Amino acid sequence: MLIILISSSSSITGNKRIYSSSLEELAENIVYSSLMHEINITRIKEHILYLSSLDTRCMGSKGYEQAAMYIYDCFKSFGLSNVSYHFYKTATEICYGAYLQVNFPVYLNITLHPLKSNLVVPSTTPLKGISGRLVYVGKGSWQELNGKPISNSIVLMDFNSENNWLNVAMLGAKAVIFIEPKDTSTKEAELKYVDIPLYFPRFYITSDDANKLLSLLKEGIEVTCDIKSKVVWKEITAKNVIGIVKGSEYPDKYILISSYFDSSSVVLTLGSCAEETTGVAVLLEYARYFSKHKPLYSILFVAFSGHSNGLAGSRWFTEDYLWGEKSYIGRNIIAQFNLDLNSKSRYIQLVDRGGMYDRGIQEEGELTFERLVKLERIIQKKTGLKCFYLVPPVTPSSVDRNAWREIPRDNEPLLLARAPAYSFTSVLWSRKYYMTPLDTPDRINLKNLEAIAKAIFCFIYTIANIKNVEEVVFWKWSPDRFSKYLSNQKIVGTVVEWNSSIGWYQPVPRALICTSYSAVSYTHLTLPTN
């Protein structure tokens, strides 16, 4: 008979040390009603407000560096050990500024905000800029374009115009400037770029600045202007932020808790992306608690970056911590639980697969998943927090496909190496403001987020305090690049092109490489030196 021991705590389990012969019996003895009050939504809100106060957290930006430093400082202040940055190289768009200058009938200088690249072609201009007549076209429908001088003009257009900017591009416009809307949607944002290398500069302007331009146009006078913008692809040294809470009995075995901290906005230099801060804000609250209440196992807290750059941070973490100099840590990870949260819904689901690779663990994974779902049911029953989305029968192959379809998750790279790697992901919600500048902290539903944070915390607390958890819940795994069902391969090579003058291939230095995966049309980029 297998005996399971959990460390005692007077506030959680009473003064008696608890023994159990099953996961279910163990969970039944934890006083979750006391445990969940350890999570403070006010502190979570403070993290959200700071991170979303940064103009943008897109990779390479000032806000990105400030966010990483904030998380690092939080880990340090909590007393986590081995607090460090995990560095890796990647390519990203860097904006050095963009502005519009009205030359006639008055002089105005207005800040513009470039939109993300059309695949790899940024919203940049020649050094001398572009010049043209300013024309307002409303939503840019063919009816609104009829009779207007679009060719060689700079077009002012409503943001909520679907992909009608392609109409003015086809008619010979030099650039388009989208006006900040009162309300919008993710769908509108996704229609403002295309996944082909089309050069057509696109910008975003605040409603206040747009009103200045519209007032001039209403006077019926021809308005001429210039645009200058510098956006380049640049290889940067990106970073993940790491901190460790040492376990009381198994200091060399790790439960990995992760989320990402950077942002993805269709507007490069704008976007508080508040919903994208919820996962890492909850992670910081967990780190604070566990730093004062040591679990049996060590907890490895990782705030990833590069989420929207093909999961760059979690891919390089997996590479370096399984096959690099940090393998003594990575190969002792028992399981990963990634936080991919959204406060618009009160419901979360535990999933293994995601939209990047669409791969899940078979064999061992089915039995483990059954055990984890049992734990969710117990926690839901004992806490009254109806947060876990449990539609029977819940198995890795039957989870709600909307929970993972088309959404990359930072547990996927470790999952490919055959590790027990999962994400708690929000379900039954609309991604209305994702990728838009209107994803602001005032839209966060703190009541939902508090319930989600407490439910997941009860789950992680239980997992981190089970004796022999590898045998009781998971399985002992070892990294595998070429498994039967999955793959985690590293491709090293040289980018070349055919040179007809010499009849052979020659290297292309500093080339951008775009790789699309079969599950979704998702692109990640790298910038090799040769």
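First, a word on what this report is: a plain description of the structure on this page. Numbers given for residues are sequential positions, taken from 1 along each chain in its written order. Whole-chain, interface and lining totals are the exception, using all residues; otherwise, since this is a predicted model, local features are given only for residues with pLDDT of at least 70 and side-chain atom pairs are given and counted only at 80 or more. With hydrogens and water excluded, all non-hydrogen atoms of the structure serve as input to the side-chain values.

This paragraph deals with the overall build of the protein. Numbered from the N terminus, helices here are DSSP runs of H or I no shorter than four residues, and strands are runs of E no shorter than two. The secondary structure content of the protein amounts to 15 helices and 19 strands. Burial status follows relative accessibility: with a 1.4 Å probe on protein chains alone, a residue under 20% of its type maximum counts as buried, one over 50% as exposed, and anything between as partly exposed. Taken across its 530 residues, the protein has 57% of its residues classed as buried. In what follows, residue pairs with any heavy atoms lying within 4.5 Å of each other are defined as contacts. Sequence-distant contacts in the protein: of pairs separated by 6 or more residues, those separated by 24 or more amount to 76%. Using a 1.4 Å probe, accessible areas were evaluated by the Shrake-Rupley method; residue-level cover was limited to the displayed protein chains. Carbon and sulfur atoms make up 51% of the accessible area of the protein, which totals about 21,800 Å².

Below, the discussion takes up the side chain of S426. Following the sequence through the fold, S426 ends up in strand β15 (residues 421-427). From its side chain, S426 meets the backbone nitrogen of N342 in a polar contact 2.7 Å long. What qualifies as a polar contact is a pair of N or O atoms within 3.5 Å, subject to a donor-acceptor requirement within protein and to the restriction that residues adjacent in sequence count only when both atoms come from side chains.

What follows concerns the packing of helix α12 (residues 364-383) against helix α14 (residues 446-463). Contact geometry for α12 and α14: axes closest at 10 Å, N-to-C directions at 125°. Taken as axis vectors, α12 and α14 run oblique relative to one another. For the element pair α12 and α14, the recorded crossing hand is right-handed. Between α12 and α14, the residues in contact are L372, L375, E376, I379 and T383 and A455, C458, F459, T462 and I463, respectively. In this classification, the charged set is Asp, Glu, Lys and Arg, the nonpolar set is Ala, Val, Leu, Ile, Met, Phe, Trp, Tyr, Cys and Pro, and all remaining amino acids, among them Gly, are polar. Looking at the contact of α12 with α14 residue by residue, the class counts come to 7 nonpolar, 2 polar and 1 charged. Axis angles are defined between N-to-C directions and span 0 to 180 degrees, where every axis is a line fitted to C-alpha atoms and, for a helix, only to the segment in contact. Throughout, the term roughly parallel applies to angles under 35 degrees, roughly antiparallel to angles over 145, roughly perpendicular to angles from 65 to 115, and oblique to all others. By convention the crossing between two helices is left-handed if the near helix lies anticlockwise of the far one by an angle smaller than a right angle, and right-handed if it lies clockwise.

A few words now on the pattern of salt bridges. Each salt bridge in this description consists of a side-chain nitrogen of Lys or Arg and a carboxyl oxygen of Asp or Glu lying within 4 Å of one another. Counting across every chain of the model gives 13 salt bridges. The closest approach of N and O atoms between E470 and K253, which form a salt bridge, is 3.7 Å. One end of the pair, E470, is in helix α15 (residues 469-472); the other, K253, is in strand β11 (residues 250-260), with 217 residues separating them in the sequence. Its relative accessible area of 12% is what places E470 among the buried residues. K253 sits in the partly exposed class, given a relative accessible area of 26%. One salt bridge in this structure joins R409 and D340, with 1.9 Å as the shortest N-O distance. Of the two residues, R409 is situated in the loop between α12 and α13 (412-416) and D340 in strand β13 (residues 333-340); the sequence distance between them amounts to 69 residues.

A few words on the environment of Y204. Residue placement: Y204 occurs in strand β9 (residues 202-205). Looking at Y204, the relative accessible area reads 1%, which means it is buried. In this structure the C-alpha to C-alpha distance between Y204 and L268, which are 64 residues apart in sequence, comes to 9.5 Å. Once residues lying within four places of it in the same chain are set aside, the contact partners of Y204 are L112, H113, L115, F159, F178, E180, P181, V267, L270 and P437.

Moving on to helix α10 (residues 312-323). Its 12 residues give α10 an end-to-end C-alpha distance of 16 Å, which sits within 8% of 16 Å, the value for a rise of 1.5 Å per residue. Within α10, 9 of the 12 residues are buried, which leaves the element mostly enclosed by the surrounding structure. Within α10 the residues assigned to the buried category are A312, G313, S314, R315, F317, T318, E319, Y321 and L322. Helix span, expected: 1.5 Å multiplied by one less than the number of residues in the helix.

For the pair helix α9 (residues 278-292) and α14, the least separation of the axes is 11 Å and the interaxial angle reads 45°. In terms of orientation, α9 lies oblique with respect to α14. Read as a crossing pair, α9 and α14 show a hand that is right-handed. The segment α9 lies against α14, with T278, V282, Y286, Y289 and F290 engaging L449, I452, A453, I456, F457, I460 and Y461. Taken together, the residues of the contact of α9 with α14 break down into 11 nonpolar, 1 polar and no charged.

In this fold, K381 is placed in helix α12. On the accessibility criterion, K381 (69% relative accessible area) is exposed. A sequence separation of 353 residues divides K381 from E28, and the C-alpha atoms of the two residues are 9.9 Å apart.

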